[in-house]
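Observations on the three-dimensional arrangement
Chain residues, written in single-letter form:
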Amino acid sequence: MAKLITLIKLLPKAHQIALSLLVIFTVIIVLFPSDDAKASKHTQVGKVDLSERIQSLQNAPHKGDETNSPNKQSEYSVPLAFRTPTPPGQTGSQSNTSLQKLQALTPSKESSPIADLNPLAASDNTILTPTKDAENAVPYREADLLSHKAYKVSKGDTFGGLANRAGLTPRDVYQITRLPKSKKNLLKIMPGEEIIVTKDAQDEITQISYQMDKISTLLISKNEDKFEETVNVKTITLENKFITANISSNFWNAAATAGLSANHIMQLANIFGWDIDFALDIRKDDHFSLMYEEEYVDGQYIGTGNILAAEFYNQGERYTAVRYTDGEYYSESGNSMRKAFLRSPVDFKYVSSSFNPRRLHPVTGQVKAHRGVDYVAAIGTPIKAAGKGKVVEASYNKYNGNYVFIKHNDTYTTKYLHLNKRKVKRGDSVKQGEIIGTLGKTGRVTGAHLHYEFIVNGVHRNPRTVKLPKSQPIDKKERTQFAALSKQLMAKIEKNKQLQYANN
Ligand SMILES: [Zn+2]
């Protein structure tokens, strides 16, 4: 270079000036091209970005399948509002479902999701004049400057490792984990869960979000190197639903076919569990109607709510239940549904049910004619204390096998025979519904079952039909208010029942 300058200095003055002018002109041409050249250059850049983006979108579903590798992140940009949480362990990867959702949200099938993502605006702050390639780009929006990226926790991952991949510095991690809610939630983040990192156009992190549960999102905002946390809780909307069903094969099938969730089916059986033995006493043409709540967030179903009121016809007998503001259920006339004894010590879902009242004894092969009731179910099925009381016997002999006797008061005693395992000892106090053992085939039996006896003043009674002590009525102060609620809800059930019958 020095030699070149010396050489130029040796040239005559006129030549030196001419050469300098040439150099300056060349520099101007290179640095400031014409408008046309500029536009084509930009389009070129845009083309590359667009095709890269198409590539990445097309690859996204496959990428999602490979999330075991911690370095592979889902490379899509999705506005937060479009995202829905996927519980860990659900099949299908997050990137898959979000992409499908996004595609579903695009107005027409022809317009590609790429246009909505507007990668040009996101990757380049200049507004492009429409060219053939950029025709589909939507107008520039402020939100497009922010990019959101999901980072999924893989097996054996820590928050530190995850944060590192997301581009957070150890100092950032330190500051974040000093925030109480972040510390509580992020330090025990589970595989399959994810954080979403939002960056601005300068590629600076502005926010980190973490879905705590179906309705709460932890938001950590970064403002001038300081982190702040807030929790965004969505509102749950309750919708009232109504179902009426007739039982033709069994209770579970009838309820499930009518559209009742497993949770509500069990709730319903528990509400009437003091009056009806769901394991053995359900008959063909028993029928029921109920009104219940379902929980929604942003129009999406998130779970079951409470049963508000129900009516159950069992073998011609009508039973009703209304949920009051104390969370308890009362019959429509205001008597507590809770009674001193459960009708069945075994949950109906475990018991092989039969409608035939003259069915043969499952073990002896004879028509049932002994002093107890037999529940046939799998070995290990939990057995509940029918009522609160004291264990007066818990032992083994060759006839009863493992057995437990519970004295409830001077009048009532219940007996549970042929248990596989005893879970209580003589002298124990038990609560109603407490597991006292498991169903088995110990003693003189040929098959697994629970033999259950109900004794009133020393006399064996049929536990499924015996008149039981009266339940507590609702508090006097609540009576008027309850009566109004009960009347209103039962009228709704009746009205909906008529509607449903009319439609069938
Ligand atoms: Zn028996």
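Everything that follows concerns the structure shown earlier in this document.
This text gives an overview of the structure that appears in the document. (Residues numbered from 1 in each chain as written. Predicted model: local features only at pLDDT ≥ 70, side-chain atom pairs only at ≥ 80, totals over all residues. Heavy atoms only, no water.)

Observations regarding the sheet that holds strand β6 (residues 237–246)
Within the open sheet, the five strands sit side by side as β6-β7-β8-β9-β10. Their pairing is antiparallel. Among the strands making up the open sheet, the edge pair consists of β6 and β10 (329–330). Summarising the sheet, strand β7 (residues 287–297) and strand β8 (residues 300–314) pair through 10 bridges and their orientation is antiparallel. Directly across from Ser289, in β8, lies its bridge partner Glu311. Sheet contacts for helix α11 (residues 262–271): β7, β8, β9 (317–323) and β10; angle to β8, the most-contacted strand, approximately 35°. Those strands touched by helix α12 (residues 479–503) are β6, β7, β8, β9 and β10, and its axis lies near 90° from that of β8. (Pairing = 2+ DSSP bridges. Helix = DSSP H or I, 4+ residues; strand = E, 2+ residues; numbered from the N terminus. Contact = heavy atoms within 4.5 Å. Axes fitted to C-alpha atoms, helices over the stretch in contact; angles between N-to-C directions.)

Observations concerning α11
Most of α11 is tucked away: seven of the 10 residues are buried. Of all the positions in α11, only His264, Ile265, Met266, Gln267, Leu268, Ala269 and Ile271 are classed as buried. Packed against the buried residues of α11 are α10 (251–258), β7, β8, β9 and β10. (Buried < 20%, exposed > 50% of the residue type's maximum accessible area, 1.4 Å probe, protein only.)

A few points about the packing of aromatic side chains
Following the criterion strictly, the structure yields 19 aromatic pairs and no others. An aromatic cluster is defined as three or more aromatic residues linked by ring pairs; in this entry it consists of Phe251, Trp252, Phe272, Phe278, Phe288, Phe312 and Phe348. Over the ring of Phe405 we find Lys415, and its NZ or CZ is 4.5 Å from the ring centre. (Phe/Tyr/Trp six-rings, centres within 6.5 Å; stacked < 30°, edge-to-face > 60°. Lys NZ or Arg CZ within 6 Å of the ring centre and 35° of its normal.)

Some points on the side chain of Glu311
Among the secondary structure elements, Glu311 is positioned in strand β8. Note on Glu311: relative accessible area 2%, which makes it buried. Setting aside chain neighbours within four positions, we find Glu311 in contact with Phe272, His287, Phe288, Ser289, Arg318, Tyr319, Thr320, Met490, Glu494 and Lys497.

Here we look at the nonpolar core
The biggest cluster of nonpolar side chains holds 56 residues, and the ones touching the most others in it are Phe251, Phe272, Phe288 and Tyr416. Sort the elements by how many residues they give to this core and α11 lands first, with five residues. Of the domains in this structure, domain 3 (235–339 + 473–504) and domain 4 (342–470) are the two that each give at least three residues to this core. Apart from residues lying up to four places away in sequence, Phe272 is in contact with Phe278, Ala310, Glu311, Phe312, Tyr319, Thr320, Ala321 and Met337. The next biggest cluster of nonpolar side chains, apart from the first, holds 20 residues, and it includes Phe159, Leu179, Ile208 and Ile220. (Core = buried A, V, L, I, M, F, W, Y, C linked by side-chain atoms within 4.5 Å. Domains from an automatic or database assignment.)

Brief notes about the sheet that holds strand β5 (residues 226–233)
Here we have five strands laid out as an open sheet, ordered β1-β2-β3-β4-β5, and antiparallel in their pairing. The strands lining the two open edges of the sheet, one partner per strand, are β1 (147–152) and β5. Strand after strand, the sheet turns through a mean of 20° between neighbouring axes, direction not considered. One ladder, built from eight bridges, connects strand β4 (residues 216–223) with β5; its direction is antiparallel. For Ser216, the partnering residue across the bridge sits in β5 and is Val233.

Quick word on the pattern of salt bridges
Taken as a whole and assessed by the stated rule, the structure comprises 14 salt bridges. Residues Lys407 and Asp410 are paired through a salt bridge, measuring 4.0 Å at the closest nitrogen-oxygen approach. Since its relative accessible area comes to 37%, Lys407 is described here as partly exposed. Linked through salt bridges whose partners overlap, the residues forming this network are Glu311, Arg318, Glu332, Glu494 and Lys497. (Salt bridge = Lys/Arg side-chain N within 4 Å of Asp/Glu carboxyl O.)

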